[in-house]
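What follows is each chain in one-letter form.
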Amino acid sequence: MKPAAFTYHRAHDVTDAVGLLSDLAAAGEDPKLIAGGQSLMPMMNFRLARPSALVDLGPLRRLPSMTALDAEAGTLTLGALVTHHAVETATLPDGFAVLARAMRWVGHLPIRSRGTVAGSLVHGDATAEWCLLALLLDAVVVTEGPAGRREIPADELFHGFYATAVEPDEVVVEVRFTRPAPHAALSEFARRHGDFAIVDAAVALDLAAGDMTAEQVTGGRVVLGGVAPAPVRVPEAEAVLAAGGAPGPELFAAVADAAAAAIDPPDDPPVTAAYRRRLTRTLVADACAQAAGGPR
């Protein structure tokens, strides 16, 4: 398949991009932004998306702020055009190292070399690794539109299937991760490496020294993808972590059981709801073990 006909526009800076989106919409067009294009172009080729105009953000790569990775005072800020591969190969602070480790799950190297962090978040795929990581690490998406800049917390970003709080006339300019998680991991299962995940799980553990200096789990977060129209946190599983205990198979199995029991996944043969629950149980336990210091 090939995409439906569209007009092509190049934005020279953020203000130009916002102006193009507004002007095209006012003229009755249905414009979309394109950055890496690794999500949008396949959908256009299959005619699942038919924008009448594309606004290319590629020229904005010359702006240092759009490709910057800055760590300061417990916050990691990524420019909107930072690629998956740039994160994969960056030296990140311990609290954000999970971002680099998780990139191995994102497609294949050509995709990671072109796809962008902001593009993945705005696309809003329920199994996209960046969407889970945004909830795990309290990301804030900063956009610029006709009314100026605004900040969208991750827990307000995802509205459902491929739907986010970013307005059609807004451009993402940066993504800030504000919750360092030195003990965190993401695990997923797909039919083949590089395919979309059937289910994925991201876990962050809060660990503290206990009696005789042995570490104890004192809390944490559990985020799932592929079990609902958008990525979700699982309070029931997080309550098990908050109750505390020694990190190990017994506690992690309890967290996994709580996560699997709490969800109501889709039942779409050949991927049944029961199968997604089993995957959830396995992946949550695996992510917990990795977060606690097990195999990476």
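Reading the values: rules and limits
Residues numbered from 1 in each chain as written. Predicted model: local features only at pLDDT ≥ 70, side-chain atom pairs only at ≥ 80, totals over all residues. Heavy atoms only, no water. Salt bridge = Lys/Arg side-chain N within 4 Å of Asp/Glu carboxyl O. Axes fitted to C-alpha atoms, helices over the stretch in contact; angles between N-to-C directions. Helix = DSSP H or I, 4+ residues; strand = E, 2+ residues; numbered from the N terminus. Left-handed = near helix turned anticlockwise from the far one by under 90°. Contact = heavy atoms within 4.5 Å. Nonpolar A, V, L, I, M, F, W, Y, C, P; charged D, E, K, R; others polar. Pairing = 2+ DSSP bridges.

Enquirer: Can you help me understand the pattern of salt bridges in this one?
Expert: Here the structure, examined in full by the defined rule, presents 11 salt bridges. Here Arg-233 ties to Glu-238 by a salt bridge, and the two come within 2.8 Å at their closest N and O atoms. Several salt bridges converge on common partners, so that one network encompasses Glu-151, Glu-174 and Arg-176.

Enquirer: When you look at the packing of helix α9 (residues 249-262) against helix α10 (residues 273-291) in this model, what are you seeing that I'm missing?
Expert: Each pair of packed helices can be summarised by the angle the axes make with each other and by the distance between the axes. Remark: α9 packs on α10, axes separated minimally by 8 Å, with the N-to-C direction vectors making an angle of 145°. Between α9 and α10 lies a crossing whose hand is right-handed. For the pair α9 and α10, contact is made by Phe-252, Val-255, Ala-256, Asp-257, Ala-259 and Ala-260 and by Arg-277, Thr-280, Arg-281, Val-284, Ala-285, Cys-288 and Ala-289, respectively. Looking at the contact of α9 with α10 residue by residue, the classes come out as nine nonpolar, one polar and three charged.

Enquirer: What is the right way to read the sheet that holds strand β3 (residues 53-56) from this model?
Expert: Paired through their backbone hydrogen bonds, the strands of a sheet run either parallel or antiparallel. Taken together, three strands build an open sheet; the order of strands is β1-β3-β2 and the sheet is parallel. With one partner strand each, in any of the chains shown, β1 (7-10) and β2 (31-34) form the two edges of the open sheet. The mean angle between the axes of side-by-side strands here comes to 25°, regardless of whether they run parallel or antiparallel. Alignment of β1 against β3, held across four bridges, turns out to be parallel. Each residue of the ladder has a partner; that of His-9, found in β3, is Val-55. Across the sheet, helix α1 (residues 14-26) is in contact with β1, β2 and β3; its angle to β3 comes to roughly 170°.

Shape descriptors only; they carry no functional weight alone.
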